[in-house]
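Spelled out, the chains give:
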Amino acid sequence: MDVPERKWRTIAAALALSTGLTGVTQQAAACTRLVYHGADNDVITARSMDWKTDTMTDLWIFPRGIARSGEAGPNSIKWTAKYGSVIASAYGVSTTDGMNEAGLSAGVLWLVESQYPKFESQSKPGLTIAAWTQYVLDNFATVAEAVAALRAEPFTIVTDAVPGEERLTTLHLAMSDATGDSAIIEYIGGKQVIHHGREYQVMTNSPTFDEQLALNAYWKDIGGTVMLPGTNRSSDRFARASFYVNAIPKSEDPVTALASVFSVIRNASVPFGITTPDQPNISSTRWRTVADHKRKLYFFESALTPNVFWVDLKLIDFGGKVKRLDLGPNQRNIFSGETSKSFRDAPAFKFLGL
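As the structure is a computational prediction, the values presented were derived from the model and not from experiment.

Colleague: Quick rundown of the sheet that holds strand 14 (residues 202-203)? Include the residues and the values.
Modeller: Strand order in the open sheet made by the seven strands is 14-1-2-15-16-17-19, with mixed pairing throughout. Two strands bound the open sheet, and with one partner strand each, they are strand 14 and strand 19 (337-338). With six bridges connecting them, strand 15 (residues 285-292) and strand 16 (residues 297-302) associate as antiparallel partners. Residue pairing across strands places tryptophan 287 opposite serine 302, the latter belonging to strand 16. Along the sheet, helix 5 (residues 234-247) makes contact with strand 1 (31-37), strand 2 (43-50) and strand 14, crossing strand 1 at roughly 15°.

Colleague: Describe the packing of helix 4 (residues 209-222) against helix 5, naming the residues involved and giving the relevant values.
Modeller: Contact geometry for helix 4 and helix 5: axes closest at 10 Å, N-to-C directions at 60°. One way to sum up the angle between helix 4 and helix 5 is to call them oblique. Crossing hand, helix 4 versus helix 5: right-handed. Here Phe209, Gln212, Leu213, Leu215, Asn216 and Trp219 of helix 4 lie close against helix 5, whose contacting residues are Ser234, Ser235, Phe238, Ala239 and Ser242. In terms of residue class, the contact of helix 4 with helix 5 is built from six nonpolar, five polar and no charged.

Colleague: Tell me about the environment of valine 202, residues and numbers included.
Modeller: Structurally, valine 202 is set in strand 14. Note: C-alpha distance between valine 202 and alanine 174 (28 residues apart in sequence) is 9.1 Å. Here valine 202 is in contact with Arg33, Leu34, Phe209, Phe238, Ala241, Ser242 and Val245, once residues within four sequence places are set aside.

Colleague: So what about the sheet that holds strand 20 (residues 344-345)? Which residues, and what values?
Modeller: The strands that make up a sheet are held in pairs by hydrogen bonds between backbone atoms, and each pair lies either parallel or antiparallel. If you walk across this open sheet you meet the nine strands as 13-12-11-8-7-6-3-18-20, and the pairing is antiparallel. Each edge of the open sheet is held by one strand with a lone partner, namely strand 13 (191-196) and strand 20. Pairing geometry for strand 11 (residues 171-176) and strand 12 (residues 182-188), over four bridges, is antiparallel. Across the sheet, leucine 173 pairs through a bridge with isoleucine 185, a residue of strand 12.

Colleague: Go over the nonpolar core with me, naming the residues and quoting the values.
Modeller: Leu34, Leu59, Leu127, Trp132, Val136, Phe155 and Met175 are the most contacted members of the largest nonpolar core, which totals 86 residues. Ranked by residue count, the leading element in this core is helix 6 (residues 254-267), at six residues. Setting aside its immediate chain neighbours within four residues, tryptophan 132 contacts Val108, Leu127, Phe155, Ile157, Leu171, His172, Leu173, Ile185 and Tyr187.

Colleague: Describe in detail the packing of aromatic side chains, supporting the description with residues and values.
Modeller: Counted according to the given criterion, the structure contains 18 aromatic pairs. Between the aromatic rings of phenylalanine 299 and tryptophan 310, the centroid separation amounts to 5.6 Å while the plane-to-plane angle is 40°, which identifies the pairing as tilted. Note that phenylalanine 299 is positioned in strand 16 and tryptophan 310 in strand 17 (residues 308-312), a separation of 11 residues in sequence. When the ring centre of phenylalanine 62 is taken as origin, the NZ or CZ atom of arginine 68, which lies over that ring, is 4.6 Å away. Looking at arginine 167, its charged tip hangs above the ring of tryptophan 110, at a distance of 4.5 Å from the centre.

Colleague: So what about the pattern of salt bridges? Which residues, and what values?
Modeller: Applying the stated rule across the entire model yields 16 salt bridges. The residue glutamate 301 makes a salt bridge to arginine 288 at a minimum N-O spacing of 2.7 Å. Here arginine 288 lies in strand 15 and glutamate 301 lies in strand 16, a separation of 13 residues in the sequence. Each member of the pair, glutamate 301 together with arginine 288, is buried. Arginine 295 is the partner of aspartate 292 in a salt bridge, and the nearest nitrogen-oxygen pair spans 3.0 Å.

Colleague: Could you give an account of the side chain of threonine 96, naming the residues involved and the relevant values?
Modeller: In this fold, threonine 96 is placed in strand 7 (residues 94-100). When near neighbours in sequence (up to four residues on either side) are disregarded, threonine 96 contacts Arg47, Met49, Ala88, Ser89, Ala90, Gly107, Val108, Thr133 and Trp287.

Colleague: Break down the confidence of the model for the protein chain for me, citing the residues and quoting the values.
Modeller: Residue-level pLDDT values for the protein chain average 89, and 89% of them are 70 or greater. Low pLDDT, under 50, characterises residues 1-28; the predicted model gives this stretch 49 contacts beyond four residues in sequence or across chains.

Colleague: Lay out the side chain of threonine 289 with the relevant residues and their values.
Modeller: Mapped onto the secondary structure, threonine 289 falls in strand 15. Look at threonine 289 and you get buried, because its relative accessible area is 2%. At a separation of 2.9 Å, a polar atom in the side chain of threonine 289 contacts the side chain of aspartate 97. Beyond its immediate stretch of four places on either side in the chain, threonine 289 contacts Thr45, Ala46, Arg47, Asp97, Tyr298, Phe299 and Phe300.

Conventions we followed
- Residues numbered from 1 in each chain as written.
- Predicted model: local features only at pLDDT ≥ 70, side-chain atom pairs only at ≥ 80, totals over all residues.
- Heavy atoms only, no water.
- Pairing = 2+ DSSP bridges.
- Helix = DSSP H or I, 4+ residues; strand = E, 2+ residues; numbered from the N terminus.
- Contact = heavy atoms within 4.5 Å.
- Axes fitted to C-alpha atoms, helices over the stretch in contact; angles between N-to-C directions.
- Parallel < 35°, antiparallel > 145°, perpendicular 65-115°, else oblique.
- Left-handed = near helix turned anticlockwise from the far one by under 90°.
- Nonpolar A, V, L, I, M, F, W, Y, C, P; charged D, E, K, R; others polar.
- Core = buried A, V, L, I, M, F, W, Y, C linked by side-chain atoms within 4.5 Å.
- Buried < 20%, exposed > 50% of the residue type's maximum accessible area, 1.4 Å probe, protein only.
- Phe/Tyr/Trp six-rings, centres within 6.5 Å; stacked < 30°, edge-to-face > 60°.
- Lys NZ or Arg CZ within 6 Å of the ring centre and 35° of its normal.
- Salt bridge = Lys/Arg side-chain N within 4 Å of Asp/Glu carboxyl O.
- pLDDT = per-residue confidence, 0-100.
- Polar contact = N/O pair within 3.5 Å; in protein donor to acceptor, adjacent residues only side chain to side chain.

Put into structure tokens, the structure is as follows:
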């Protein structure tokens, strides 16, 4: 296909900008998150977890009514969970992704540019970054409700080193709900930045979200059927996910819709075993989750097992006990089909904090 000279110039500009922006991400890890708006008010959220080592992830059922602490010392925010949730943990000390019984999905991805406000122990209460996702899932039914509450900044995010590493944990938060509403929350230069609206369907890693949107505008102008960036870099994954999540058919068949969403998040994944010594931000995809908001299904796929399995939140007694699904080292334990009955009673993990 012949491409007009103007198009090629735009492509060259996009490639140059992409290279320049991703040069600042060398200490980040990779992940991708996307929200699909389908037929008949179908909303599906998918995300990948890309990390250089085993995240020691398990799935958990957290009932409503759990008393929580922000784990930031004496001046920690306190709350009681209004909603039960199914979540994916990391290192046995944090919630990294999940969906609650109201259909709200939330998860954190790496963003090296994150700078959180200084925590003054005598001022507003603190919340460990390990519980940021869980705070949202415990307290809110919709994105709009969560954004309204978080704009008031009821807590200060308190961060610490990644378990087993010296680098500081730097994350941004994504939320989506059964209406298709979406929000991205970042802390840039110590200030909270919120992007709220249905149009914010995709989030990856660096650069900051406003710069990702500017970069993606180049690729929209080119058109995904002409050319899409194909590398594993964050900005390239953002462009591919943005194009494909809106290009796939909006099938009225939920199974077809789920298959389409899985295909997009796999397209934005990093092949297992890939390492790039001079770009540690590129890490293998270790697992993927897909949340079907309408049917209240939470799917899990490990890169090291042959099965996709799921949890039907409608079958769970969220007035019951904390339960855990042991996924094993590198999430290699094999499950199939609906797994809510495979969870076992377990003490809730304690969030990593001060």
